[in-house]
Amino acid sequence: MPEVFAVVGAGHCAGQAAASLRQQGFAGDIVIIGEEPHVPYQRPPLSKKFLIGELPLERVYLRPPKFYRDNNIELLLDTRVVALRRREHEIVLADGRRRHYDKLLLATGSSPRRLQVTGVDLPGICYLRTIADAQRIQPHLRAEKNLVVIGGGYIGLEVSAVAAQRRMRVTLLEVDGRILNRVAAPVISDFFVQLHRQHGVDIRCNARVLRFEGSERVTGVICEDGRIEADLVVIGIGIAPNTELAQSAGLPCGNGIIVDEYCQTADAAIFAAGDCSNHPNPLLQRRLRLESVHNAVEQGKTAAANMCAKGQRYAEIPWFWSDQYDVKLQIVGLAAGYDQLVQRGRMEEGGFALFYLKDGVLIAVDAINNPREYMACKKLIPQRLRIAPERLADPTVAMQDMA
Amino acid sequence: MMAKVTFIQPDHRRRTVEIENGYTVMQGATANNIAGIKAECGGACSCSTCHCYVETTWFDRLPPVEDEEAGLLEFAWEPKPTSRLTCQLVVTDELDGLILYVPEQQL
Ligand SMILES: Cc1cc2nc3c(=O)[nH]c(=O)nc-3n(C[C@H](O)[C@H](O)[C@H](O)COP(=O)(O)OP(=O)(O)OC[C@H]3O[C@@H](n4cnc5c(N)ncnc54)[C@H](O)[C@@H]3O)c2cc1C
Ligand code: FES
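Residues numbered from 1 in each chain as written. Chains lettered and ligands numbered in written order. Predicted model: local features only at pLDDT ≥ 70, side-chain atom pairs only at ≥ 80, totals over all residues. Heavy atoms only, no water.

Asks: Just give me the short version of the pattern of salt bridges, but keep the residues and values in it.
Replies: Here the structure, examined in full by the defined rule, presents 33 salt bridges over all chains. When the shortest N-O distance is used, the salt bridge between A:Arg85 and A:Glu88 registers 3.7 Å. Accessibility expressed as a relative area gives 37% for A:Glu88, which makes it partly exposed. Across the salt bridge formed by B:Glu74 and A:Arg372, the nearest N and O atoms sit 2.7 Å from each other. A residue pair is termed interchain when its members come from two chains, as with B:Glu74 in helix α3 (residues 67-74) and A:Arg372 in helix α10 (residues 371-380). The class for B:Glu74 is partly exposed, based on a relative accessible area of 37%. Relative accessible area serves as the criterion here: at 25%, A:Arg372 is assigned to the partly exposed category. (Salt bridge = Lys/Arg side-chain N within 4 Å of Asp/Glu carboxyl O. Buried < 20%, exposed > 50% of the residue type's maximum accessible area, 1.4 Å probe, protein only. Helix = DSSP H or I, 4+ residues; strand = E, 2+ residues; numbered from the N terminus.)

Have a look at this one:
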């Protein structure tokens, strides 16, 4: 009998892991089991080019369906896994069928946090995580209609940008004192507020939603300071890792499925990777859970290598991006804990970069329409360099000369 | 319509794949598991890990490099004057026969 490696979840991480298993030379059986009806796909376009209608569905897919046939990877789509029987090395599917595994990768991703207020189940109130979600939203992106976006994180901002470009009337409600509060410095928040205002988006901070109005469909959003007309509502208030399977199988969890630097859980036959994993990062010297494509791809590779007993550690500096209108934000590193900010360049000159330093060491950058600074920081940040702030701020000092 | 694109590895192994018009060369590469094309950002022009060197005679026949791509290329692994990001090359009939060299490493 050939060995069976199973992957639960058919998202970005799962797709990468399956391809990497074959690249590692694994010749046994691979099965990917996923709840959604699609082959593994990328989510970033769902709030960007796919949502606005510039990218066909096939191009959202990571690889064409043929890839899985050619590489002898079995896809069980539209299929939910309901339990793991670890002692028997079995996966239990929703219809009661069981599948054997020798090694298992949990790549279950995450789900949008739900807003708990009256009326939230009304038609016309959406979350955005899947292709199906995006397809539900698309037909309602119509000029002169009213969109209310709840949550000033990247997804909320990207949806607002798409809708404003479709000439909708957009109001964005943020419960905090500023947008992007958890992830970026006030300079960046201010920049995006300005950008959206220029495009007619009404951004309101300290705005708490009390309930939704409507009978057949949502018609209004009630906040502490009044009512906002709504034909469509998109909620983006963060995500929570999908840990139920692991948890009910008795695997340690806590803000994600707990893994070591090899993406291995407490059970040596079970690995976890991507949005659902809580992992140690030696470069950042802490444990964390990340929600990014880079993390899903790199952990997928690490898990695949270690399922093939290659003993590969995960140690990556995170990076991320966001597209809004004609602005591209690119981020390297984690800004948390910074004690100094340095700006290089000005938006009026086409773009700028904001460097985050801690104890004089460069730990992160937000680069706005500034791919050179972004790319340079990908090389600089892992080296934990002390760079004089005056040099960073001086556009006449080439990024190549910073090290 | 399809275009044939050839990838030549640093050890001179070559593979020719067919890519449908409208898809990017990067997508054609990952769909065929071409070694050395990592494409970590999925074509968002944010990683440079789909970098290739274009065969010299082909280079001038490609659409020009936009500033965003140029910025990434400067910092890609060992860029050369013929460097391109394959996620920015959309396949058309004109690209049939394209020859690309995969770098020894990506970032
Ligand atoms: C709209 C949007 C925009 C984004 N933009 C960016 C961006 O610009 N840049 C960036 O870096 N990141 C972005 N992200 C985040 C990025 O897409 C995620 O970090 C990435 O998809 C995580 O991959 P994953 O494989 O871990 O999880 P997922 O892609 O979520 O895949 C998990 C899959 O597992 C399935 N599953 C879960 N439980 C079960 C079960 N019990 N049985 C069967 N199947 C199950 C789920 O249905 C899902 O399909 C964005 C995300 C969204 C939603
Ligand atoms: S795939 Fe990331 S830049 Fe081309």
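Now that the structure has been shown, we can carry on.
Asks: I'd love a proper account of the sheet that holds strand β2 (residues 29-33) of chain A, names of residues and values included.
Replies: Residue and element names in this part refer to chain A. If you trace the 5 strands from one edge of the open sheet to the other, you get β3-β2-β1-β7-β19, paired in parallel fashion. Two strands in the sheet have a free side with no partner beyond their single neighbour: β3 (73-76) and β19 (270-272). Adjacent strand axes in the sheet meet at a mean angle of 20° when their direction is disregarded. Examined bridge by bridge, strand β1 (residues 4-8) and β2 share 5 bridges and lie parallel to one another. Across the sheet, the residue bridging to Ala-6 is Val-31, located in β2. Sitting on the sheet, helix α1 (residues 12-23) is in contact with β1, β2, β3 and β7 (103-106), with an inclination near 175° to β2. Across the sheet, helix α9 (residues 293-307) touches β1, β7 and β19, and the angle it forms with β7 is around 170°. (Pairing = 2+ DSSP bridges. Axes fitted to C-alpha atoms, helices over the stretch in contact; angles between N-to-C directions. Contact = heavy atoms within 4.5 Å.)

Asks: Mind laying out the domain arrangement of chain A, listing which residues take part and the relevant values?
Replies: Residues and elements named next belong to chain A. Domain annotation of chain A identifies domain 1 (4-111 + 240-307), domain 2 (114-235) and domain 3 (326-401). Counting residues at the interface gives 15 residues for domain 1 and 14 residues for domain 2. For the pair domain 1 and domain 2, the summed buried surface comes to about 1,400 Å²; carbon and sulfur atoms form 62% of the total. For the domain 1 face of the interface with domain 2, the top three residues by lost area are Ser-47, Leu-51 and Ile-52, together amounting to 43%. Inspection of the domain 1/domain 2 interface yields 2 salt bridges. (Domains from an automatic or database assignment. Buried area = accessible area lost by both parts, 1.4 Å probe.)

Asks: How would you sum up the packing of aromatic side chains? Please name residues and give values.
Replies: All names here are of chain A. By the definition in use, this model includes 7 aromatic pairs over all chains. Pairing Phe-191 with Phe-352 gives two aromatic rings, centres 5.6 Å apart and planes at 80°, and the pair type is edge-to-face. Within this pair, whereas Phe-191 is found in helix α7 (residues 186-198), its partner Phe-352 is found in strand β25 (residues 352-358), the two being separated by 161 residues in sequence. Linked through ring pairs, Phe-191, Phe-192 and Phe-352 together constitute an aromatic cluster. We note Arg-63 situated over the ring of Phe-67; from NZ or CZ to the ring centre the distance is 5.0 Å. (Phe/Tyr/Trp six-rings, centres within 6.5 Å; stacked < 30°, edge-to-face > 60°. Lys NZ or Arg CZ within 6 Å of the ring centre and 35° of its normal.)

Asks: Lay out the interface of chain A and chain B with the relevant residues and their values.
Replies: Counting residues at the interface gives 28 residues for chain A and 25 residues for chain B. Surface buried jointly by chain A and chain B totals about 2,300 Å² across both partners, of which 50% is contributed by carbon and sulfur atoms. By the criterion of area lost to chain B, the three top residues of chain A are A:Arg59, A:Arg372 and A:Met375, representing 28% of everything that side buries. If you look at where chain A meets chain B, you find 4 salt bridges. Across the pair A:Lys301 and B:Glu40 runs a salt bridge whose closest N-O atoms are separated by 3.7 Å. Joining chain A to chain B, the criterion identifies 11 residue pairs in polar contact (both at pLDDT 80 or more). Residues belonging to the side of chain A that touches chain B are distributed by class as follows: 13 nonpolar, 6 polar and 9 charged. (Polar contact = N/O pair within 3.5 Å; in protein donor to acceptor, adjacent residues only side chain to side chain. Nonpolar A, V, L, I, M, F, W, Y, C, P; charged D, E, K, R; others polar.)

Asks: Report on the side chain of B:Gln106, specifying residues and quantitative values.
Replies: Residue and element names in this part refer to chain B. Position of Gln-106 among the secondary structure elements: in the segment after β5 (99-101). A polar atom in the side chain of Gln-106 sits 2.8 Å from the backbone oxygen of Gly-36. A distance of 3.5 Å separates a polar atom in the side chain of Gln-106 from the backbone oxygen of Thr-49. Look past the residues within four positions of Gln-106 in its chain and what remains in contact with it is Gly-36, Ile-37, Lys-38, Ser-48, Thr-49, Cys-50, His-51 and Trp-77.

Asks: How would you summarise the sheet that holds strand β6 (residues 98-100) of chain A if you had to cite specific residues and measurements?
Replies: All names here are of chain A. Reading across the sheet, the 3 strands line up as β4-β5-β6 and stay open at both edges, with antiparallel pairing between neighbours. If you trace the sheet from one side to the other, it starts and ends with β4 (81-85) and β6, each paired once. Within the sheet, the average angular offset between the axes of one strand and its neighbour, ignoring direction, is 25°. Across 3 bridges, strand β5 (residues 90-93) lies against β6 in antiparallel orientation. Residue pairing in the sheet places Glu-90 in a bridge with His-100 of β6.

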